[in-house]
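This is what each chain is made of:
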Amino acid sequence: MSEFLFEQRNTIVAFLIIGLIISLALSIVKGRRVMATERTDLVFGNPAKALGGWYWIITGMSFVMLIWFYFSWDAARAYNPKAANELCQVAKVESAIKPMRSQFPLDKQNLRGTDLIARDSAQLERINNSLQTLALQNSVKLEAAAILTSLHSALVDQANPVYMKASLATEFKSIAARIDSLTANFNDPDFPGQPTVAQQAAAAAQPGWGDTGKEIPVLATTPLGYRYEAIAAEIRLIAKDFVKLRNTSPHLLAQVADINSRIKDAKARFKADLNISIEEQEARTRLYSQLNKMLKRIDDGAIYPPNSLDDIQSSLVAFDKTHIAQQGSLKAFDTWMMPGGRIMAGNSACSEQGSGRWLPKPSDTLGTLMRIADPDIGFKDIPLLWYRWQPVGGMIAFLFPDWIAELVPGDYPRHTQNGEIKSNFKSNVQDFVTGNYESFSIPVPMGHMWDSIIRVVIGLFFGIILGVPLGLFMGLSRFAKGFFDPMVELYRPVPPLAWAPLILTIFGIQDDGKIFLLFMVAFAIMVISARTGATGTQLSKIHAAHSLGASHRQILRRVILPNSLPEILTGIRISIGVCWGTLVAAEMLAGTTGIGFVENVARKQSDYEVIWVTIIILGVLGLLFDLIMRAVITRTIPWRGKG
Amino acid sequence: MSDLVSDNLNMQFTTPSGLVVHALKDVSFTLKKGELLSVLGPSGCGKTTLLNIVAGFLKPTSGSVELDGKEIEGPGVDRGMVFQQGALFEWLTVAQNVDFGLRMKGADPTETAKKVDEWLEIVGLAGFGDTPTYQLSGGMQQRIALARCLINDPDLILMDEPLGALDALTREKMQSLVLKIWKETGKTIMIITHSVEEALMLGERLFVMAPRPGRLHKEYHLPFAEMGLTQDPRDIKKTQHFSETREEILSMIWDMEEEIMGGGSL
Ligand SMILES: Nc1ncnc2c1ncn2[C@@H]1O[C@H](COP(=O)(O)OP(=O)(O)OP(=O)(O)O)[C@@H](O)[C@H]1O
Ligand SMILES: [Mg+2]
């Protein structure tokens, strides 16, 4: 069933989106109609104006869902499942041509040669200027200045058509011609012909968009895709050939050789000279290494005469136009249906970038949820929420401390001569308190979700049963207030997470530490709310109870406690919220189970789907807790604020 | 012997800022069993303080109050109190409020239930037993407070402006109810009020108190409460005796207020 849903998810999503658009439109129409007929005597500011309005809830929910479908590209995938694969081929062309394009003023302002001349001559100038300030002998300075001048002419002579390497002109022509012919092929509807059977089989064998995770099928599967894939292969070769070209004319090579020997020469003389001050030694070492560096920059002949690349550039521009025109409606689809990012081609894979990547598709998120909700898979071998059979004996034993057995008089049984061990009363007691006996099993919940929930529940439970009495006591007794206030106020203002590293170290990173941390959180809140409740009791009620003959205990139990109930319940509600937040953070910090742990592992693996699943689970559980508390509050204290 | 005897009662409060307020000065009086006393006076003259001392919620600075020859040393079931408002336990139902005192004593539940029904009948709230108190009107709540106090069968009933927050009509009905209960049970009742008419109608005896320091200023013995048992209160109010007494007390209180306000200009 779930497999069928997964396979059909694109169709389901397609219909769902249409449904959402319709419900969005209908609810807006409904809302506007209600607005038009609404009583006009409700003035601005009257809270009754905000009552009801389920249709606006539908509007809001449809809106959020549509935004999600849209920005996660689920809508794109639903209506055009092959788009990503085709765009992957387009991206391949773009990444193949990139090394060549980057030499031209197409995506940036300047020709590469212009940039190089500007950069290197500025650097030569800087070295020249610094010469004056260095502690050098005059002869050395003059020599270095001469080398700098030669370096400069080696740099700028590359731009001179007179010195251009002879073979380059024809090679440039050939590259331009190859690009032109590729452009012609691009426009040819028959190019590159039918894919081979092997090609088709390989393409058909690959998993679809997002079938196994985040990746996009990398081999072309459509005619458009085949065309782009073939073009990408060709253009990659052309680009490779182009970037290999060098303007290493004999003139340049001679200049480089000359400069090289002059630097070497100067260095050798410097090494041989033994009466050079340390200061000058340092300056000269640095100077020669600078000169060498500049020579290395200039000697590779990366600069061409200003107009020599014009042919290739115009071929590239024509190629570009075709490349964009051939995408046709795919280009518009990419722009409008896959917002907030694009598809990038790497060496062996294509991937979504931008919102398509970090915002998982609702359908995939649901798939992931269903996958890890499956108790046989779970997350890190632990289900999200499941049950296991556990012997009752062990659970009963948990309630009794083991040392009870030691209190029983007598000794533990000793083996007899024939090696038998007979149990006696003392050993029976020990078996009972350690759960070491046969007992029937009952199902007990388990899993990441259960672990998180039970930690909150236990921490909260102890926080309440210890915090409420203390809070009431503090509200009624000057001693208790004065004595316990410093203790509570000493730790309460510290953000709970700041305690986490310490508490987890002391009590252990598993349940104990976390439960204690949550207990601390809940305890402080409960003390304060119970205290506020107790101090807020109307004196006349207490007087009334006194003159009706109530004892102190009865007043506490029958008047002060119920009177504090609204504050106590509000305190519990706040505690749940704070505990929940603290727990998740603590689970992220340390431990091996819990929803926070799941999210933390997913974060380390950049598994955005699991991250979103945990976010959703945490939100739903938090909401559930709060709804339960709200129901409890309306049920138990309907009289709140009406005394 | 079951009298309330106040002997030279003095009460001084020290405010947190160190100011000493002389709330009661040399208050002495005797209230015989079965008497109906109303206490009247300008705001701040110590009426509530006096009542709280009698109820045992406050200890006087000096002097003593005795009930039935025993000195009052704390709150007790022999003195029932009805407050101005808000002293009902809103988390309980009407019946649970009314039987609160009996439950605290651990009385027999069936007996208690019967008594509750009786009292609800008397205060005119039969059938409201299971209603949550917060759903009732102010007048109904005061009647419950009355029933809650009376079901305990106290010797002395203390009321601090019990009808202050009620509308005129409900108030008149409640006044008749108090008179009826006074007559039928023969209890000693001490009632504080702000309304001169109410003080006249509900007072067999009437104390007018004066402020700064709070003391007894004048005492009246009045026939109107007795008359109210048989006659229409509106007719009583029309009599000359009633209106003369009312005017006298009113001008007395006006004078006191003017003294406090520093000779106000009305
Ligand atoms: N706890 C207290 N601390 C300090 N001063 C107090 C305290 N209680 C009462 N007082 C003062 O004692 C005086 C008498 O107060 P009390 O409440 O008895 O007046 P009252 O006659 O009941 O007034 P009202 O008619 O407004 O209720 C007032 O001046 C008041 O400010
Ligand atoms: Mg008062």
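Residues numbered from 1 in each chain as written. Chains lettered and ligands numbered in written order. Predicted model: local features only at pLDDT ≥ 70, side-chain atom pairs only at ≥ 80, totals over all residues. Heavy atoms only, no water.

A. Focus on the state of the cysteines. All names here are of chain A. Applying the stated criterion across every chain, the model contains one disulfide over all chains. Disulfide partner of Cys88: Cys350, at an S-S distance of 1.9 Å. Classification of the bridge connecting Cys88 and Cys350 rests on its S-S torsion, roughly 70 degrees, and on that basis the disulfide is right-handed. Here Cys88, found in helix α5 (residues 83–101), pairs with Cys350, found in strand β2 (residues 350–354); they are 262 residues apart in sequence, far enough to count as distant. Taken as a pair, Cys88 and Cys350 share a single burial class, namely buried. (Disulfide = S-S within 2.5 Å. Helix = DSSP H or I, 4+ residues; strand = E, 2+ residues; numbered from the N terminus. Buried < 20%, exposed > 50% of the residue type's maximum accessible area, 1.4 Å probe, protein only.)

B. Representation of the packing of aromatic side chains in the model. For the coordinates displayed, the defined rule picks out 26 aromatic pairs over all chains. With 5.1 Å between their ring centres and 90 degrees between their planes, Phe483(A) and Phe484(A) make a pair best called edge-to-face. Between the aromatic rings of Phe29(B) and Phe207(B), the centroid separation amounts to 5.3 Å while the plane-to-plane angle is 65 degrees, which identifies the pairing as edge-to-face. Placement of the pair is Phe29(B) in strand β2 (residues 20–31) and Phe207(B) in strand β9 (residues 205–210), with a sequence separation of 178 residues. Neither Phe29(B) nor Phe207(B) differs from the other in exposure class; each is buried. Among the aromatic residues, those joined into a cluster by ring pairs are Phe104(A), Phe172(A), Phe242(A) and Tyr304(A). Above the ring of Phe6(A), the side-chain terminus of Arg9(A) is found at 4.2 Å from the ring centroid. In this structure, Arg148(B) packs its charged tip against the face of Phe89(B), placed 4.9 Å from the ring centre. (Phe/Tyr/Trp six-rings, centres within 6.5 Å; stacked < 30°, edge-to-face > 60°. Lys NZ or Arg CZ within 6 Å of the ring centre and 35° of its normal.)

C. Representation of the nonpolar core in the model. Ile572(A), Phe89(B) and Phe100(B) are the most contacted members of the largest nonpolar core, which totals 53 residues. Of all the elements in the fold, those that place two or more residues in this core are α20 (448–476), α23 (511–535), α24 (539–547), α25 (552–589), α26 (595–604) and α27 (608–636) of chain A together with α3 (100–105) of chain B. Of the residues forming this core, the biggest block, eleven residues, is contributed by α25(A). Setting aside its immediate chain neighbours within four residues, Phe89(B) contacts Lys541(A), Ala545(A), Leu548(A), Val559(A), Asn97(B), Phe100(B), Thr133(B) and Arg148(B). Formed by 45 residues, the second largest nonpolar core is a distinct cluster that contains Phe172(A), Phe191(A), Phe319(A) and Met338(A). (Core = buried A, V, L, I, M, F, W, Y, C linked by side-chain atoms within 4.5 Å. Contact = heavy atoms within 4.5 Å.)

D. The arrangement of the site of ligand 1 in detail. Residue and element names in this part refer to chain B. If you check the shell around ligand 1, you find Phe13, Val21, Ala23, Ser43, Gly44, Cys45, Gly46, Lys47, Thr48, Thr49, Glu161 and His194 and nothing else. Lys47 is positioned such that a nitrogen or oxygen atom in its side chain is 2.8 Å from an oxygen atom of ligand 1. The separation between an oxygen atom of ligand 1 and a polar side-chain atom of Thr48 is 2.6 Å. Relative to its unbound accessible surface of 630 Å², ligand 1 loses 62% to contact with the protein. Mapped by element, the contributors of at least two residues to the shell around ligand 1 are β2 and α1 (47–55). For the shell around ligand 1, the element with the most residues is α1, which contributes three residues. Its residues assigned to classes, the shell around ligand 1 comprises four nonpolar, six polar and two charged. (Near = heavy atom within 4 Å. Polar contact = N/O pair within 3.5 Å; in protein donor to acceptor, adjacent residues only side chain to side chain. Areas by Shrake-Rupley, 256 points an atom, 1.4 Å probe, with all protein chains shown as cover. Nonpolar A, V, L, I, M, F, W, Y, C, P; charged D, E, K, R; others polar.)

E. A look at the interface of chain B and chain A. Contacts between chain B and chain A engage 21 residues on the former and 20 residues on the latter. Counting each side, the surface lost to burial between chain B and chain A is near 1900 Å², with a carbon and sulfur contribution of 69%. When the buried area of chain B at its contact with chain A is split by residue, Trp91(B), Met104(B) and Tyr134(B) rank highest and sum to 35% of it. Linking chain B with chain A are one salt bridge. Taking the shortest distance from any N to any O, the salt bridge between Lys541(A) and Glu90(B) comes out at 3.1 Å. Run the count over chain B and chain A and you get four residue pairs in polar contact (both at pLDDT 80 or more). (Buried area = accessible area lost by both parts, 1.4 Å probe. Salt bridge = Lys/Arg side-chain N within 4 Å of Asp/Glu carboxyl O.)

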